[in-house]
Amino acid sequence: MSPRAVVVLDNGASTIKAGILGVHDDPLLIPNAIVRSKGDNSTYIGHELGRCRDRTSLRFRLPFEKGFLVDWDAQKAIWDGIFSSEVLGVDTSEASLLITEPYFNLPNIQSIYDQFVFEEYEFQAYHRCTPASLIPHGRLFARAGEPTPECMLVVDSGFSFTHIVPILNGAIVWEAVKRIDVGGKLLTNHLKEVISFRQWNMMEETHIVNEVKEACCFVSDEFKRDLETCRAHPTKNAIVQEYIFPDYSANRPGRVRRPGEPLDEGSQTLTMNNERFSVPEILFHPTDIGYATVAASIAHLPDDLQGMFWANIGLVGGNTALPGFRERLTSELRSLAPIDCAVVVHSSARPVEEAYRAAVAFAARPEFAQAVVTRAEYQEMGSSACRRKFRDWKPAEKDAPRGREHAKGRAQKGKQKQSDSDSDDSSPPPTKKAARGRGRGRGAARRQA
């Protein structure tokens, strides 16, 4: 394992954090999308978006839908660009891969992951896991002179969902994992609608509105007080900000207007008043992130260990980077926790990159070599090798039949139950399988975009 390059991909629904072990301590941030620009009538795949000069009215084609990877043509085109000489410049047939997957990923989608890794890209070995399962290997909970805690609870608030993930002795306690259907995508779409109703029509400006959200929004520690402040003095208060829209013709990015800053001729501004904190409030109401998820998740854990989970809560994901998020969550949890339990919330300076950094630390350890599935194992047992080695939310597969000859027997038996499976309402969302052969996904994506 040591001579091979180890590629690390934190494959998020919005952004891919990519790098090579020993080369990229800081990840390369790649948009996980194929983008069509109306301004220059061009299509940009993943890393190519940095070349786009006019980002008005961008149209996004996302490989992920409702938290699951379903558009494999688009995803393969983006991965092709990442592995190419323009980004990582890695020969996948001579490398190993560590990649993250969504929580509660579906078996048929996991099988496609395996096929792409070993059959399309021909990696020598790979490990697939969820982002939270990597956190024990990182520095989020590190304290000087103390070992990594055995009990920790990770709040992962990303693009599609927010997950509350308890971890005991390095393993996720899946029966206590909770999810709320609020993520960065919902916040951006809600802000887009609010701005379009009150000021400018921004319904086709997802990229710009997302930049406004990241620059202006914060989590309020006293929502009613701040709301009353904005109502009493709509234009002059400590909360209101002006955001200067980007001017792509002059190559000027958008920014928050400084107090007293004169405006250039032709500059257009957006006034952000109670929108700054009312949009992130969705994370806390009506489904309270403290009561309904964190407290409920800890309540499912052993009574004698709950105090240690209260004392080791970590924040990862882009939404937790909002100013005030940590303070608000700590305040709410303190009122919910038992009086004899300390509530400690750990945060990262760059929570978007935390899972990547933990993955790099894991890939550098000797035990990583024992956690991967090799290409030889996959060729012998297929996806069964991955199901047996990668721990996830499903029960472990025991005594799985070896070889692919038995798969044909299962296929014959499956024909008898085909009518039942066709009418199964719980079947996963349909996936768009990429064309076989290297490079074809990229061209297919351009034709469809």
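For the structure, check the block above.
Residues numbered from 1 in each chain as written. Predicted model: local features only at pLDDT ≥ 70, side-chain atom pairs only at ≥ 80, totals over all residues. Heavy atoms only, no water.

Between the first and last C-alpha of helix α9 (residues 325–336) there are 17 Å, a value that for 12 residues agrees with the 16 Å anticipated at 1.5 Å per step. Among all positions in α9, only F325, R328, L329, E332 and L333 are buried. Within α9, the buried residues cover an arc of 125° as seen down the axis, which keeps them to one side. (Helix = DSSP H or I, 4+ residues; strand = E, 2+ residues; numbered from the N terminus. Expected span 1.5 Å × (residues − 1). Buried < 20%, exposed > 50% of the residue type's maximum accessible area, 1.4 Å probe, protein only. Arc of directions from axis to C-beta.)

By the criterion of burial, strand β11 (residues 151–157) is predominantly enclosed, with seven of the seven residues buried. Covered by surrounding structure in β11 are C151, L153, V155 and S157 together with M152, V154 and D156, the residues of both alternating faces. Summarising the sheet, β11 and strand β12 (residues 162–168) pair through seven bridges and their orientation is antiparallel. Its bridge partner being in β12, M152 is matched across the sheet by I167. Where β11 meets strand β18 (residues 313–316), four bridges bridge the pair, whose relative direction is parallel. By the bridge assignment, D156 is partnered in β18 with V316. (Pairing = 2+ DSSP bridges.)

Viewed as axis vectors pointing N to C, helix α1 (residues 72–83) and helix α2 (residues 107–120) meet at an angle of 40°, and their least axial separation amounts to 13 Å. Our classification of the angle between α1 and α2 gives oblique. In this structure, α1 meets α2 at a crossing whose hand is right-handed. In contact with W72, K76 and W79 of α1, α2 contributes I109, I112, Y113, F116 and E120. When its residues are assigned to classes, the contact of α1 with α2 shows six nonpolar, no polar and two charged. (Axes fitted to C-alpha atoms, helices over the stretch in contact; angles between N-to-C directions. Parallel < 35°, antiparallel > 145°, perpendicular 65-115°, else oblique. Left-handed = near helix turned anticlockwise from the far one by under 90°. Contact = heavy atoms within 4.5 Å. Nonpolar A, V, L, I, M, F, W, Y, C, P; charged D, E, K, R; others polar.)

A few words on empty space enclosed by the protein. Scanning the entire structure with this criterion turns up one cavity of 30 Å³ or more. As a volume, the largest cavity reaches approximately 40 Å³. Going through the elements one at a time, α1 and β9 (95–100) are the ones with two or more residues in the lining of the largest cavity. When the residues that make up the lining of the largest cavity are grouped by side-chain class, the tally is eight nonpolar, no polar and no charged. (1 Å grid on protein atoms, 1.4 Å probe; cavity = no way out; pocket = protein on both sides within 12 Å on 5 of 7 lines; lining within 4 Å. Points joined across faces, edges and corners; volume = space filled by probe spheres on them.)

Attention now goes to the pattern of salt bridges. Counted according to the given criterion, the structure contains 24 salt bridges. A salt bridge links R51 to E86; the shortest N-O distance between them is 2.8 Å. Remark: E86 occurs in the loop between α1 and β9 and R51 occurs in the loop between β5 (42–45) and β6 (58–61); sequence separation between them is 35 residues. In this structure R51 comes out as partly exposed when scored by relative accessible area, which is 46%. By relative accessible area, which is 47% here, E86 ends up partly exposed. Close ionic contact of D181 with R179 constitutes a salt bridge, the shortest N to O distance being 2.9 Å. Taking the relative accessible area as the measure of exposure, D181 reaches 47% and is therefore partly exposed. Overall, R179 belongs to the partly exposed group, its relative accessible area being 42%. (Salt bridge = Lys/Arg side-chain N within 4 Å of Asp/Glu carboxyl O.)

A few words now on the side chain of E205. Relative to the helices and strands, E205 resides in the loop between α3 (184–198) and α4 (206–216). An unpaired buried charge is present at E205: no salt bridge exists, and K38, the closest side chain of opposite charge, is 8.1 Å distant. A distance of 2.8 Å separates the side chain of E205 from the backbone nitrogen of S57, its partner in a polar contact. Excluding residues within four positions of it along the chain, E205 makes contact with R55, T56 and S57. (Lys, Arg positive; Asp, Glu negative; His and termini not counted. Polar contact = N/O pair within 3.5 Å; in protein donor to acceptor, adjacent residues only side chain to side chain.)

Right, let's talk about the sheet that holds strand β4 (residues 34–37) for a bit. Read across the sheet, three strands follow the order β5-β4-β6 without closing on themselves; strand pairing throughout is antiparallel. In this open sheet, the two edge strands, each paired with only one partner strand, are β5 and β6. Along the sheet, successive strands turn relative to each other by an average axial angle of 20°, direction set aside. Pairing between β4 and β6: four bridges, direction antiparallel. Its bridge partner lying in β6, S37 is registered against L58. α1 contacts β4, β5 and β6 of the sheet and is inclined by roughly 90° relative to β4.

In this section: the packing of α3 against α4. Interhelical geometry of α3 versus α4 gives an angle of 100° and a closest axis separation of 9 Å. Our classification of the angle between α3 and α4 gives roughly perpendicular. Residues G184, L187, T188, L191 and K192 of α3 pack against T206, V209, N210, V212 and K213 of α4. In the contact of α3 with α4, the residues fall into four nonpolar, four polar and two charged.

For the rest of this paragraph, the subject is the packing of aromatic side chains. Tallied over the full model, the rule gives 19 aromatic pairs. The interplanar angle of 90° and the centroid separation of 5.9 Å between the aromatic rings of W200 and F245 together place this pair among those described as edge-to-face. Here F245 lies in the loop between β15 (241–244) and β16 (255–256) and W200 lies in the loop between α3 and α4, a separation of 45 residues in the sequence. Residues F284 and F325 carry aromatic rings whose centres are separated by 5.6 Å and whose planes lie at 50° to one another, so their mutual orientation is tilted. A residue pair is termed long-range when its members are at least 10 positions apart, and F284 in the loop between α6 (275–278) and α7 (289–299) and F325 in helix α9 qualify at 41 residues. Given a relative accessible area of 0%, F284 falls into the buried group. (Phe/Tyr/Trp six-rings, centres within 6.5 Å; stacked < 30°, edge-to-face > 60°.)

Honestly, that's just the spatial picture; any functional story needs more than this.
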